[in-house]
Amino acid sequence: MMKIQRVSSKWAKTNAILLNPTLSNYIPDTRKYNFSTLVQMLAVHATVYVKPDRGTYGSGVMRAEQRVVSLAPSIQADGSEDHKAVRKEEKTMYILRYNKTAQIFASPQELHEAILGRTQGKFYLIQKGIDLLRHHDRPFDLRVLAQKTPVGIWETTGMLGRVAAAQKIVTNYHNGGRILQVNTLFKEHMNPSESSTAIQQLKQLGVQIAGQLELSYPGIKEIGLDVALDQHHDMWLLEVNTLPSIIVFKLFPDKSIYRKIHRYAVAYGRVKKSESTLSSRRKAL
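Let us look at the structure shown here. Predicted model only: the values in this text are computed from it and were never measured. (Residues numbered from 1 in each chain as written. Predicted model: local features only at pLDDT ≥ 70, side-chain atom pairs only at ≥ 80, totals over all residues. Heavy atoms only, no water.)

Comments concerning the nonpolar core
Core analysis: the biggest nonpolar cluster contains 35 residues, and Leu-142, Phe-186, Ile-209, Leu-213, Ile-223, Val-227 and Leu-237 have the highest contact counts within it. Those elements giving two or more residues to this core turn out to be helix H1 (10-18), strand E8 (138-148), strand E9 (154-163), helix H4 (182-187), helix H5 (192-216), strand E11 (222-229) and strand E12 (235-241). In terms of residue count, the dominant contributor to this core is H5 (seven residues). In contact with Leu-237, other than residues within four places in its own chain, are Ile-17, Tyr-26, Ile-27, Pro-28, Gln-127, Ile-209, Leu-225, Asp-226 and Val-227. Listed in part, the 17 residues of the second largest apolar core include Leu-42, Tyr-94, Ile-115 and Ile-126. (Core = buried A, V, L, I, M, F, W, Y, C linked by side-chain atoms within 4.5 Å. Buried < 20%, exposed > 50% of the residue type's maximum accessible area, 1.4 Å probe, protein only. Helix = DSSP H or I, 4+ residues; strand = E, 2+ residues; numbered from the N terminus. Contact = heavy atoms within 4.5 Å.)

Details of helix H6 (residues 255-267)
If you check H6, its first and last C-alpha atoms are 19 Å apart, about what 13 residues at 1.5 Å a residue would give, namely 18 Å. Buried residues belonging to H6 abut E8 and E9. Once H6 ends, the next one or two residues include Gly-269, with phi positive near 90°. (Expected span 1.5 Å × (residues − 1).)

So, the pattern of salt bridges
Enumeration over the complete set of coordinates arrives at 13 salt bridges. Among the salt bridges present, the one from Arg-63 reaches Glu-65, with a minimum N-O distance of 2.9 Å. The exposure class of Arg-63 is partly exposed, given its relative accessible area of 22%. Look at Glu-65 and you get buried, because its relative accessible area is 3%. As a salt-bridge pair, Arg-162 and Asp-226 come within 3.1 Å of each other at their nearest N and O atoms. One end of the pair, Arg-162, is in strand E9; the other, Asp-226, is in strand E11, and 64 residues separate them in sequence. Residue classification places Arg-162 among the buried positions, given a relative accessible area of 6%. Three or more residues joined by partner-sharing salt bridges are found here, namely Arg-63, Glu-65, Arg-67 and Arg-97. (Salt bridge = Lys/Arg side-chain N within 4 Å of Asp/Glu carboxyl O.)

A few points about the packing of aromatic side chains
Enumeration over the complete set of coordinates arrives at one aromatic pair. For Arg-118, the ring lying beneath its charged end belongs to Tyr-98, and the centroid distance is 3.6 Å. (Phe/Tyr/Trp six-rings, centres within 6.5 Å; stacked < 30°, edge-to-face > 60°. Lys NZ or Arg CZ within 6 Å of the ring centre and 35° of its normal.)

Some thoughts on the layout of surface pockets
Here the second largest pocket defines a volume of roughly 350 Å³. Looking at the second largest pocket, it is lined by 15 residues, and the ones nearest its centre are Thr-157, Gly-158, Met-159, Lys-203 and Ile-257. Looking at the lining of the second largest pocket, the elements that each hand over two or more residues are E9, H4, H5 and H6. If you tally residues by element for the lining of the second largest pocket, the top one is E9, at five residues. Considered class by class, the residues forming the lining of the second largest pocket number six nonpolar, five polar and four charged. (1 Å grid on protein atoms, 1.4 Å probe; cavity = no way out; pocket = protein on both sides within 12 Å on 5 of 7 lines; lining within 4 Å. Points joined across faces, edges and corners; volume = space filled by probe spheres on them. Nonpolar A, V, L, I, M, F, W, Y, C, P; charged D, E, K, R; others polar.)

Observations concerning empty space enclosed by the protein
Tallied over the full model, the rule gives one cavity of 30 Å³ or more. There is about 110 Å³ of room inside the largest cavity. Lining the largest cavity are 13 residues, with Lys-10, Thr-14, Leu-238, Glu-239 and Val-240 sitting closest to its centre. For the lining of the largest cavity, the secondary structure elements donating two or more residues are H1, strand E6 (124-128) and E12.

Set out below in structure tokens:
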């Protein structure tokens, strides 16, 4: 059986998708990280994510923000306010967040130095920050799983929502995020018809992104899309994983979802058919 192709570089996968003009609309502004892209992108987007080109589970991800704060008007030495001269002073601050930490800097140079201290010379990307929809005031994004069927066509076989843990900047399950069903999350933001339209669009997106990536990487058999919905309900593709977690779909009450995912994974060789029975047999021995 042909080996399943895995592509670890986020930059390579992004560029493969950008070749398709329709699908490129789903990709937030993403560039190679350096000082000038940091300054330019903060000026345009105010919030950006800085993430390693290679890496999983949200590790190494940082969020940088540019915020303008108003300081109180200055009072004259004699205590009277000169109303003509009173002006609110505005100051720009730069904030860096990672894990549950926040650091504040007075200049983009200091922010950049702090980022470099954490990137350790590795290749990092910088991406426009999306103002995510929230569930009980915590941001969430979606994981959409697409797999090759036993007859070799792409199908979206699973989707779930990931709600960030308190004060965390990433939603990943491994970072304490909660897994919820997509329609549960959509209920708070959409009527049933909008929700079913969005779910159809996500299913379609899974198949389209898989087909596009396959043009550059013909050996891929499964992908996990990380999709964000912003306040206007526009969809953004944050990144694509070519070794997606499938076990997480076991958590849902509807067991038929995981059964199909597992069956397809057996067909293209990710898991052995007897894996689950073998492991339980081993435990019994």
